[in-house]
Amino acid sequence: MRSLRRKLSHLLGIWRWRTMGVTLYQPNGFHCHTLHSTTSEPDPLEIHKKKLFLWFSHLPQEEKQFGGYFSPETMHVDPLILERKAEESAGLLSPPLQIQTPGSPSVTVEQLFEPTDAWNGGRGLNVLLYGAVGTGKSTVVRKLVLDWCAGTTLTHFKLLIPFSCEDLGQLSKAASLRDLVSKKYLHLRKHPMLSGEGNQAKDVLFLFNGMERMNLDFRIGATELCSDPNEALPPSVAVVNLLRKYLLPEASILVTTRLSALDRIPQKYVSRYAQICGFNDPDRQRAYFTSRLLHQSGDTARNHEAHALIELLYLNLQRESQLAAACFLPSYCWLTCATLHFLHFTDAKAPIRTLTGIYTSFLRLNFGEKELEQWIGGKTKTDEELHQLAVFRTDVLDFFLAPCLESGKHLPEEPSENGERRYVFAVPAMQEYLAALYVVLGENKSALEKLTKQVSVAIGQVSEDVNAIVSVLSKFIPLRIFAVFNLLKLFPKLYEKISSHNKGSIARTMAAEMFRTEDSYNEDVLDQVEQNLLGVHGPQPKQYSEGQPFELYPIFMGGLLHYGNRVLLQQLGCSIQSTTVAQITRALRKYLVRELSKPQPPEELMDLLVLLYEFQNPRLTAEVLASIRAIRLTNIRMTSLKCFVLSSVLSCASPSYHLEELDLSSCLLTHDILQVLWPAFRHTYNLNLQFNSLGPESCILLRDLLLDSKSSIRSLQLCDNPLLESGTSILLKALPMNQSLTHLSLMHTGLGDQGALELAQTLQHHSLQELNVAYNNIGDNAALALVDACREHPTIHTVHLYLNPLSDVGKQSLYIRGVPKSHGGSGRQVRVLASVTEGSDVSEDWHPILSVIRENASSWDRERVKQQLKVFLRDLEWGRQQQQSFWKRLHFRRVEKGVRQTLQMLEKDTLSASK
């Protein structure tokens, strides 16, 4: 079976079945072609099952981003399916979130085909399975076909014949029912079950997926009656006659459709109605997340991380968060998993994936060809399209929008005067994506420059007058919610509600929703996307409002200009013109270069890197990088994805391009993700990796970096990484063969006496100029040996040795060794920073030493640092007593004051921590 699958999988196309995360639609859009059976193949029904299994097991391009871990058997979770009565038509249009299910047990498709009293007499059942976009109709159909092929469901049907209504709707020539079947399934050509003779068709189940794609007309004057499966008819006529039970009346039929197409089949031709409602509870959602995240996580370490992600997701869902409202639709569960996979499982070996690409794939999985443009592209102008607007409101509105469950999270809690519920985008990032899509479709090329803080200021000025708000917004396109869906034309009732009551509250709400700014959280957009999915656990982010941050909107806009996303959107009828790409690219280049002339906080700088990565335009990226001389990402939580983004962006620059500084201090770097940063390290002169979690194993990579001929590292700062003696020993082996490094900081890395002695032996043939081994538990003998080696070194001029357990005699000896001799030796002076004093004088570097201690004391052993500060005070008191000059004694007093202030700061922090 496996060998047959391998031989046939590359030959077989697949229908355009769209689903929440398991789609049967190939990127190039080709249809499944019929394979010719041979005379040696015995049973046509067995051939049919094998081929159906192959076709419906095929995974689409959208699933390949997860690394090919999935199979249909492991990733399916049954959505909620409720049987409805025909007289309940008034409730058929209820969106999933408003469905009341007390006493309504979930049913399976197999149960829907059990015989009923109303439908007997030899006639087959017609079952209508309906649901909104994204509720899982096609997924249920897909699993149903696979289970039938495996013989685990609907076994009383000997033949299952699936059709894509999108394919049937595109056929222009008349054909008989048997020709339609044989065109898709040549092995069923002239099969007796389809002959119409006797009651052989009772064992046949027809499946029509996506009935909304066909215009069915049951009027006798419009659709002639036909009972001959060999008579040529338009496809829609053949389907109508099957449902009428004129054609093969014994056959059963399963039809899936969206809400808007329910009335296309008269009730008298439907045996049973069933509504598919998606995932109505957190447990179904958790089962879906578990089936995907655990299978896509791969190795053990990632499996552990996947378990942690699932727990965070489940906690967020249980809190009835906005995510829980969105995840009623299985499609949004797919989007959640795809985004988390992108955020957490991206590494150096991962293919290029972008956030924009995930959202583009999401739309492509849920909408058909040329279906998106009419709703999002702003082309809804004529009266003849009013029906399409009604269809959109019925099918798609609840797909994008959900009741706001967290209205008090960003705004003060103000209950509505009329008790109406406010709707927001199910996933906030989707709002940004659709606004960007609206722009690049050609409505406004300079929107990025217009969409500035001026809009927010204008919104604040108009206050409670909603009409004034609309007037202001009309000058700035995109208009977020307004522009994305032509809100005033699509939803006049919603506009009436907005205009009638509680204008002040609604005005503020609209402004907050349409112009969300990430600066309120002081975090980069990738962390904000993650928090939206996983919730905020622990202390709330600090408020921060300085500077203008980059939002998801321009990031998505840049990503949509990438050729790969444009190809996918073209299949949906959203054509982004090359002239549009060129115009927006020029505007972005000018905007970014101008903004980068100003200092950027680390969070906004990270957002810039994400924007350039999403753009996937090496030439533009190189031009923007030319204006960047330093990248400082201090305190950014550098995940593997962010490291991948940084390296990918810097890889676009020419080999001669180098940053003056790449600051990755306090970024939670570990050995596992250090490898991802290798391309970025090659493009920097000064590399700051302080205050991370790099252990001895990381020194192997750092050693190789210093030995790399393409590397030009001049300064390497490794302070506060647990390298230990074993790690530094590995790192030091690169020094004799490296000629670029001039400054090396190993402060507080666990160097020890042995490491200091080994370093002293390694320095002879290297161009190092400054060496920092402070706070490393180095004693007198090792420190003296190191300073002697530095004195003999031709270029080293400064050695940092403070905060080491040095005796008074040892520090005096170090100072004497550092002073040039009057005769013999090299005669060079080496500055030895062992204390705030040098002999009986105050050290010139006392202030930098105290500054280093103040900055780093929170992560160091406070008792150890306080002890060293007290030693400094003794040194200062002794030195002051040696001075005859009043001004020198006054200078000693000033330095003592600085040391005492630092000591008091540490004691206060210790007391606060204990409380």
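Our subject is the structure that appears above.
For every chain, the first residue of the written sequence is number 1, and numbering continues from 1 onward in sequence order. Local features are withheld for residues below a pLDDT of 70 in this predicted model, meaning they are given only at 70 or higher, and side-chain atom pairs are given and counted only at 80 or more; totals for whole chains, interfaces and linings count all residues. Working from all heavy atoms in the structure, the side-chain values ignore hydrogens and water.

Draft legend 1. Representation of the pattern of salt bridges. A side-chain nitrogen of Lys or Arg and a carboxyl oxygen of Asp or Glu constitute a salt bridge if their distance falls within 4 Å. Tallied over the entire structure, the rule returns 20 salt bridges. With its nearest N and O atoms 3.4 Å apart, the salt bridge here joins K202 to D203. Type-normalised accessible area, obtained with a 1.4 Å probe on protein chains alone, sets the label of each residue: buried when under 20%, exposed when over 50%, and partly exposed for intermediate values. Residue class for K202 comes out partly exposed when judged on its relative accessible area of 41%. Of the residues examined, D203 reaches a relative accessible area of 12% and is grouped as buried. One salt bridge in this structure joins R589 and E623, with 2.3 Å as the shortest N-O distance.

Draft legend 2. Quick peek at the side chain of D527. Each helix corresponds to a stretch of at least 4 residues labelled H or I by DSSP, and each strand to a stretch of at least 2 residues labelled E; elements are numbered beginning at the N terminus. Along the chain, D527 turns up in helix α27 (residues 525–534). Residue classification places D527 among the buried positions, given a relative accessible area of 10%. Within the structure, D527 has its side chain in polar contact with the side chain of K642 (distance 2.8 Å). A contact between two residues is defined here by any heavy atoms of the two lying within 4.5 Å. With near-sequence residues (within four places) excluded, D527 lies in contact with R637 and K642. Whenever a nitrogen or oxygen atom comes within 3.5 Å of another N or O atom, the pair is scored as a polar contact, on the condition that within protein one atom can donate a hydrogen and the other can accept it, and that pairs from neighbouring residues in sequence are kept only if both atoms are in side chains.

Draft legend 3. Structural detail: helix α28 (residues 552–560). With nine of nine residues buried, α28 is to be regarded as a mostly interior element. Taken as a whole, α28 has its buried residues at L552, Y553, P554, I555, F556, M557, G558, G559 and L560.

Draft legend 4. Region of interest: the sheet that holds strand β9 (residues 630–632). Note: two strands are recorded as paired if DSSP finds a minimum of 2 bridges between them. A sheet is described by the order of its strands in space; here eight strands give the open sequence β9-β10-β11-β12-β13-β14-β15-β16, paired in parallel fashion. Two strands lie at the open edges of the sheet, namely β9 and β16 (831–833), each paired on one side alone. With strand direction ignored, the average angle separating the axes of adjacent strands in the sheet is 10°. In the sheet, strand β13 (residues 743–745) pairs with strand β14 (residues 770–772) via three bridges, with the strands oriented parallel. Following the sheet pairing, S745 is matched in β14 by N772. To obtain an axis, a line is fitted to C-alpha atoms, over the contacting stretch when the element is a helix, and the angle between two such axes runs from 0 to 180 degrees between their N-to-C directions.

Draft legend 5. A look at the side chain of K245. If you trace the backbone, K245 turns up in the loop between α9 (235–244) and β5 (252–257). In this structure K245 touches R123, G124, L125, N126, A251, S252 and I253, once residues within four positions along its chain are discounted.

Draft legend 6. Structural view of the packing of helix α38 (residues 752–762) against helix α39 (residues 780–792). At a closest axis distance of 9 Å, the pairing of α38 and α39 adopts a crossing angle of 15°. Taken together, the axes of α38 and α39 are roughly parallel relative to one another. As for the relative orientation of α38 and α39, their crossing is left-handed in sense. Facing α38, whose interface residues are D753, A756, L757, L759 and A760, α39 presents A782, A785, L786 and A789. Of the residues assigned to the contact of α38 with α39, the class counts are eight nonpolar, no polar and one charged. Any angle between 65 and 115 degrees counts as roughly perpendicular, while under 35 counts as roughly parallel, over 145 as roughly antiparallel, and the rest as oblique. By the definition used in this description, the sense in which the near helix is turned from the far one sets the handedness, with an anticlockwise turn below a right angle giving left-handed and a clockwise turn giving right-handed. Gly is placed with the polar residues, together with every amino acid not listed as nonpolar (Ala, Val, Leu, Ile, Met, Phe, Trp, Tyr, Cys and Pro) or charged (Asp, Glu, Lys and Arg).

That's the geometry; what it means functionally is another story.
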